[in-house]
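# Commentary on secondary and tertiary structure
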Amino acid sequence: MFSKLIYRNAKRSRRENLIYFATLVVAVASFYMILSLGKQDVILFLREFESDAIDKLLTEMNIVYVFALFILFFLVLFANRYQLNRRSKEFGLYLMLGMRKDRLVRQLLTEGFITSIFALAGGILIGGILAEMISLTVSKLVGQGIIGHQISLSVNAIIFTIIGFLMIQFIALAILGGRLFYQEIHQLLYEQMDKTTDMGHVKGNLLHILLGAALLGVAYWIVLYRFSDFAGLLLFVALALGSIGTILFMRGLGKLLGLLASLSKHKSLQGLHTFTLRQFQENVANRSTSVAVTSILITLSIILIANGASTILSLDGLYNRNSSVYDFTVNGDSQKVEEFLSTGKMVSYVEDANLLEMGKMKDEGERMEDGMPLSMVDWSKLKEQLTIALPAPYKEQVLSGEMQSYDISSENPEALNLLGVLEMDTITPHLIPESSYNGLLKAIGEQPLNLHSDEIALYFNPDFMPMENLDQMPVLNGILEKAVKEGRSLLSIDDQAIIIRPSIPMRGLVADRSVEIFSAFVVPDPMFKQLVNPDTYASYWNFRIPQKMQAQQGLMKPMMEARDLLKSSGFAFESYLQNFGRKLFYIVAGSYTVLYMGFLFLIIACTVLALQFLTQMRQTGRRYVTLSMLGAKRQQMKKSMQKQVLWTFLLPMFLACVSGAVGIKAMISFVVVQFEDVPSLYPIAFAFACMVIFIVAIYGVAVARSAEHEIDQLRWKPNMD
């Protein structure tokens, strides 16, 4: 009999408090997803290259899991307290009928355990499906040929999800059970309404609003204009000021909402306008702090989701190999490496093998006054032409000597970036022989350079130059083409006039980052041998996996096989997958955590608002009965309640959107959130905005339906409709 009572009560509790139960299911699903991260395809792939970083990431995920448990504990405590208040009369009747208090507490714990089992079952199932969907989506976005997909189930994630979830449920129910144990029967039978709210004085409430708005304004100013000062310490000051300002603003606003009822006397006499405002005012004023906290949580959610969305944008083009040519770069004795690449076990994996030779130019052997070597390169004429090509404000700064150094940035004019790079690299520039670069051009199907003995080409590394389309630089090409037509030389090496070839294709020199240079001179082979400093000479063998093999097996498998063979050879090497894996790791590490926390904050905020409204609805239910006696129709009261739900969610959302917009603007300004591909931003931003609105709308509709059910359950006067 007792077990049937427990099961029936648990079932009824889940049905009547569906919002809270659904939140528990979502929380369980999120726990499983974060704990099963190590089993996802992208993480298994990254372990091959970034094992230490992945281990650190998974450790951080465990910390995030504990933090999420900590936050969810307070939600469980708050929700179960609402549940106990709702059932207080029921518990009082049990005691009057002779049930012992310890047995009542055991009943409460058992009901919670049954509900937890159902939440765990549904959450783990949903979490497993979502984890597979995310893993498959990432695999497709990154490239199915690189990251294959296989279905996986994390037993450890299931175990720790069960342990953590049951632990916080047990602790919360034990705390509330202890509170129930020490309550008297009359306290349970006669529910205690919240104390009458002190609405204060108009002047005091206005002072709260003004002070809160002032603190928010100071916080916004700090975030927008002093974001990076004092190593970010001011950011914590801004968060503190913003939080206090939000609480004060909500407290003052909640107590002044009643004034709206008197602003329009005509409207206040229609329907239940005044009643609706008074109910909304009481809900906000009684719980202004919790409303402010939900607004802060939604603000954090908006900022975190925007940050995660910007990181996901980096996936677009992650597998874009426009600047990358080679799959492997091998370093070692040139002849021995060439022999190894020609062996029978290795040759099938090698296509477009090319020897890249590099070195820095010799200097004059003398030193200038500042200690720098005297360069063999005179590029003063080219510098003069680039300075002339600068926009007016930059030109004045350069000519006046105000600008002594040059930053290289995608936001700078082309000529300014070129001045910066050449200023840095033309004292002893890097040299690349024409034959090496022709091998790279052949691999991408371009024509060889065919340089004359007095001709060079300027190379700019697309992996390090923050400029779009380095193949076509209109300012530089215009200057060089004009010089060729006029028969002028803009550069000389060792007093020999040199012609600069315009517009050569720019590609990455190696597979990953063993060659980290901004620019180089591509010179004829005899000039390279004559000018290169032998102490700086280096050589690298590059090759690609054959296109036919990629078409048959994909890129991942042959690259892994070639990697294993190179490991056994003892040569130092790097692969394109190392570069790819490093970038992918930054994206995964930068998006998973922030998106997880962002949506978790949003769900918790919505659940708190929902339970808060339903608590007030439960406590003020008799008012609706009184309204029915005064002639109000049931449909009128439901419309009034729906407006209250709408305003309850819109009030904290409005302030959160303002604060969130300020936070996103600051993060964009200080390059914390990067939106480089603006066309791709809009659909992704729209998708995430729709997800946020959808989640809030689901909670709003669920609260409205639950409140309508409460109204339908009230004892109405006969034939009121």
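Residues numbered from 1 in each chain as written. Predicted model: local features only at pLDDT ≥ 70, side-chain atom pairs only at ≥ 80, totals over all residues. Heavy atoms only, no water.

### Some words on the overall build of the protein
When helices and strands are counted, the protein shows 28 helices and ten strands. Expressed as a percentage of its 721 residues, the buried residues of the protein come to 51%. For the protein, the share of sequence-separated contacts (at least 6 apart) that also reach a separation of at least 24 residues comes to 85%. (Helix = DSSP H or I, 4+ residues; strand = E, 2+ residues; numbered from the N terminus. Buried < 20%, exposed > 50% of the residue type's maximum accessible area, 1.4 Å probe, protein only. Contact = heavy atoms within 4.5 Å.)

### A short note on the packing of aromatic side chains
Enumeration according to the criterion identifies ten aromatic pairs in this entry. Note on Tyr437 and Tyr459: the rings are 5.5 Å apart at their centroids and 65 degrees apart in plane angle, and the pair reads as edge-to-face. Here Tyr459 lies in strand β5 (residues 455-460) and Tyr437 lies in helix α20 (residues 434-443), a separation of 22 residues in the sequence. When its relative accessible area of 0% is taken as the criterion, Tyr459 is described as buried. Every member of this aromatic cluster is reached through a ring pair, and the members are Phe70, Phe73 and Phe74. (Phe/Tyr/Trp six-rings, centres within 6.5 Å; stacked < 30°, edge-to-face > 60°.)

### Some points on the sheet that holds strand β9 (residues 538-544)
Across the sheet, which stays open at both edges, the ten strands sit in the order β3-β6-β7-β5-β8-β4-β2-β9-β1-β10 with mixed pairing between neighbours. In the strand order of this sheet, the two ends are held by β3 (377-378) and β10 (572-575), each with one partner. Where β5 lies against strand β8 (residues 519-523), four bridges are found, and the strand directions are antiparallel. The residue of β8 that forms the bridge with Leu458 is Phe521. Against the sheet, helix α15 (residues 334-341) makes contact with β1 (328-331), β2 (351-360) and β9, and its axis sits at roughly 15 degrees relative to β9, the strand it touches most. Each of β2, β4 (430-433), β5, β8 and β9 touches α20; the most contacted strand, β2, lies at about 145 degrees to it. (Pairing = 2+ DSSP bridges. Axes fitted to C-alpha atoms, helices over the stretch in contact; angles between N-to-C directions.)

### Observations concerning unusual backbone geometry
Phi at Asn450 takes a positive value of approximately 55 degrees, unusual for a residue other than glycine. If you trace the backbone, Asn450 turns up in the loop between α20 and β5. Judged by its relative accessible area of 53%, Asn450 falls in the exposed class. Even without a glycine there, the phi angle at Asp494 is positive, about 55 degrees. One can find Asp494 in the loop between β6 (491-493) and β7 (496-501).

### What about the pattern of salt bridges?
Tallied over the entire structure, the rule returns five salt bridges. We note a salt bridge from Arg501 to Glu455, for which the minimum N-O separation is 2.9 Å. Of the two residues, Arg501 sits in strand β7 while Glu455 sits in strand β5, which places them 46 residues apart along the sequence. Look at Glu455 and you get buried, because its relative accessible area is 9%. Between Arg488 and Glu486 there is a salt bridge, and its shortest N-O distance comes to 2.6 Å. (Salt bridge = Lys/Arg side-chain N within 4 Å of Asp/Glu carboxyl O.)

### Notes on the nonpolar core
Residues Phe31, Met346 and Met641 are the most contacted members of the largest nonpolar core, which totals 110 residues. In terms of residue count, helix α25 (residues 576-619) provides more of this core than any other element does, 26 residues in total. If we ignore the near neighbours within four places in the chain, the residues touching Phe31 are Tyr65, Ala68, Leu69, Leu72, Thr161, Phe165 and Tyr596. Residues Met361, Leu386, Leu531 and Tyr540 belong to the second largest nonpolar core, which totals 59 residues. (Core = buried A, V, L, I, M, F, W, Y, C linked by side-chain atoms within 4.5 Å.)

### Quick word on the confidence of the model for the protein
Parts of the prediction with low pLDDT should not have their coordinates interpreted in detail. Residue-level pLDDT values for the protein average 79, and 78% of them are 70 or greater. Mean pLDDT values over the elements of the protein span from 50, in helix α12 (residues 265-268), up to 94, in β4. (pLDDT = per-residue confidence, 0-100.)

### Notes on a negative patch on the surface
Where like charges cluster on the molecular surface, the negative patch consists of Asp363, Glu364, Asp378, Asp494 and Asp495. Note on placement: Asp495 falls in the loop between β6 and β7. Taking the relative accessible area as the measure of exposure, Asp495 reaches 76% and is therefore exposed. (Patch = residues over 30% accessible without salt bridge, like charges linked within 9 Å, V, L, I, M, F, W, Y side chains within 5 Å. Areas by Shrake-Rupley, 256 points an atom, 1.4 Å probe, with all protein chains shown as cover. Lys, Arg positive; Asp, Glu negative; His and termini not counted. Charge placed at Lys NZ, Arg CZ, Asp CG, Glu CD.)

### Focus: the environment of Val76
When you line up the elements, Val76 lands in helix α4 (residues 51-86). Judged by its relative accessible area of 0%, Val76 is buried. For the pair Val76 and Thr23, spaced 53 residues apart in the sequence, the C-alpha separation amounts to 9.8 Å.

### Focus: the packing of helix α17 (residues 380-388) against helix α19 (residues 414-425)
For any two helices packed against each other, the geometry is given by the interaxial angle and the distance between the axes. α19 packs onto α17 with a crossing angle of 155 degrees between their chain directions and a minimal axis gap of 9 Å. When the axis of α17 is compared with that of α19, the two are roughly antiparallel. In this structure, α17 crosses over α19, and the sense of that crossing is left-handed. In this structure, α17 contributes Leu382, Lys383, Leu386 and Thr387 to the contact, and α19 contributes Ala415, Leu418, Leu419, Leu422 and Glu423. Looking at the contact of α17 with α19 residue by residue, the classes come out as six nonpolar, one polar and two charged. (Parallel < 35°, antiparallel > 145°, perpendicular 65-115°, else oblique. Left-handed = near helix turned anticlockwise from the far one by under 90°. Nonpolar A, V, L, I, M, F, W, Y, C, P; charged D, E, K, R; others polar.)

### Some points on α19
Helix length check: α19, at twelve residues, gives a terminal C-alpha distance of 17 Å against a target of 16 Å (1.5 Å per residue), a fit within 8%. The buried fraction of α19 is high, at ten of twelve residues. The set of residues buried in α19 consists of Glu414, Ala415, Leu416, Asn417, Leu418, Leu419, Gly420, Val421, Leu422 and Asp425. (Expected span 1.5 Å × (residues − 1).)

### So, the pairing of β4
Going residue by residue along β4, you find His430 and Ile432 tucked away on one face and Leu431 and Pro433 tucked away on the opposite face as well. As judged from the two bridges shared by β2 and β4, these two strands associate in the antiparallel manner. Opposite Lys360, over in β4, you have His430 as the bridge partner. Where β4 meets β8, three bridges bridge the pair, whose relative direction is parallel. Paired with Pro433 across the two strands is Val523, which belongs to β8.

### Considerations on helix α24 (residues 556-569)
The terminal C-alpha atoms of α24, which comprises 14 residues, lie 20 Å apart, in line with the 20 Å expected from a rise of 1.5 Å per residue. Phi for Gly570, located one or two positions after α24, is positive at around 90 degrees.

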